[in-house]
Amino acid sequence: SSLKAPLENLNLKAEIDQTEVRLESLSADLAGGKILAKGVSKNYLSSAPQTQVAIGMDRLNLQELIPEKGEGQPALHGIFSAGFEGEAQGMAWPAISRTLTGSGAISLADGVIKNTNILRIALDKIASKVPGTGEVLNRHLPPVYRERLKQNDTPLAPFDLPVSIQNGNIALQNMRLISEG
């Protein structure tokens, strides 16, 4: 499927000569946020050009960006940011993906999984496997969690996740996805 939000205010400044493609700057507005990129590809006419790139996405509104799957279907909402600086060799994705190396980060603020209550799903699964557990949990569950069970959505705690890629292998360090509450 395609992006829901249009790419707007696209600005591009690049130079090309016989050995190098230099992307001085690329910027655009997307989903209430900004996309930025710059980079250089040396020996771009060879079978294994060397490319360095820096890409950033700042404060993209996921609700404006990702098409809805349908009424009542789960959907991730929030403000997404990401950045990456790295390098790779190759003309096509198979070679690029094996040589891609760099680092960056992804973050989510004001995150919500709409139309899905993860706490309710987890407790329902436990209750379905162990008879009587649902009643005991409901009696001893703190009021804040009883209120959460009534909600249709799952609020997510903000996160900022460092990412590194070494020869195409992605490493997510200290990844924790936490529901608020």
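Provided above is the structure to which this section pertains.
Residues numbered from 1 in each chain as written. Predicted model: local features only at pLDDT ≥ 70, side-chain atom pairs only at ≥ 80, totals over all residues. Heavy atoms only, no water.

Asker: What's the story with the packing of helix α3 (residues 118-129) against helix α5 (residues 143-150) in this structure? I'm lost.
Answerer: Any two packed helices are characterised by the angle at which their axes cross and by the distance between the axes. Axis separation between α3 and α5 bottoms out at 8 Å; the angle between their running directions is 100°. Relative to α5, α3 is oriented roughly perpendicular. For the pair formed by α3 and α5, the contact residues are L119, R120 and L123 on the first element and Y145, R148, L149 and K150 on the second. Considered class by class, the residues forming the contact of α3 with α5 number 4 nonpolar, no polar and 3 charged. (Axes fitted to C-alpha atoms, helices over the stretch in contact; angles between N-to-C directions. Helix = DSSP H or I, 4+ residues; strand = E, 2+ residues; numbered from the N terminus. Parallel < 35°, antiparallel > 145°, perpendicular 65-115°, else oblique. Contact = heavy atoms within 4.5 Å. Nonpolar A, V, L, I, M, F, W, Y, C, P; charged D, E, K, R; others polar.)

Asker: Sorry if this is basic, but what is going on with unusual backbone geometry here?
Answerer: Most of the time, phi is negative for any residue but glycine, and the peptide bond is trans. Of note in the backbone geometry, N9 takes a positive phi value of approximately 50° without being a glycine. Tracing the chain through its elements places N9 in strand β1 (residues 7-16). Within the chain, D110 stands out as a residue other than glycine whose phi angle is a positive 55°. When its relative accessible area of 59% is taken as the criterion, D110 is described as exposed. (Buried < 20%, exposed > 50% of the residue type's maximum accessible area, 1.4 Å probe, protein only.)

Asker: How should the pattern of salt bridges be read in this particular structure?
Answerer: Note on pairing: side chains with opposite charge can pair once their charged atoms come close. With the rule as written, the count across this model stands at 5 salt bridges. The partner of K34 in a salt bridge is D29, with the nearest N and O atoms 3.1 Å apart. According to the relative accessible area criterion, K34 is partly exposed, its value standing at 31%. A salt bridge links D153 to K114, with the shortest nitrogen-to-oxygen separation between them at 3.0 Å. (Salt bridge = Lys/Arg side-chain N within 4 Å of Asp/Glu carboxyl O.)

Asker: Just to check I follow, could you spell out the layout of surface pockets for this structure?
Answerer: Picture a little ball the size of a water molecule; that probe, rolled over the atoms, points out where space is still empty. What the largest pocket holds in volume is close to 190 Å³. Lining the largest pocket are 13 residues, and of these A82, G83, F84, I106 and V163 sit closest to its centre. In the lining of the largest pocket, the residues fall into 10 nonpolar, 3 polar and no charged. (1 Å grid on protein atoms, 1.4 Å probe; cavity = no way out; pocket = protein on both sides within 12 Å on 5 of 7 lines; lining within 4 Å. Points joined across faces, edges and corners; volume = space filled by probe spheres on them.)

Asker: Whenever I open this one, the nonpolar core confuses me. Can you help?
Answerer: The nonpolar side chains of a soluble globular protein tend to be buried, and buried together. Within the largest apolar cluster, 10 residues are counted, these being A5, L30, A31, I35, L60, L62, L65, L108, I113 and L156. Listing elements by their share of this core, those giving two or more residues are α1 (62-65) and β6 (101-114). Residues within four places of L30 in sequence aside, it is in contact with L3, A5, P6, L7, I35, L60 and L65. (Core = buried A, V, L, I, M, F, W, Y, C linked by side-chain atoms within 4.5 Å.)

Asker: Help me understand the environment of P131 in this model?
Answerer: If you trace the backbone, P131 turns up in the loop between α3 and α4 (133-140). For P131, a relative accessible area of 74% translates into the label exposed. Sequence separation between P131 and G39 is 92 residues, and the spatial gap between their C-alpha atoms is 59 Å.

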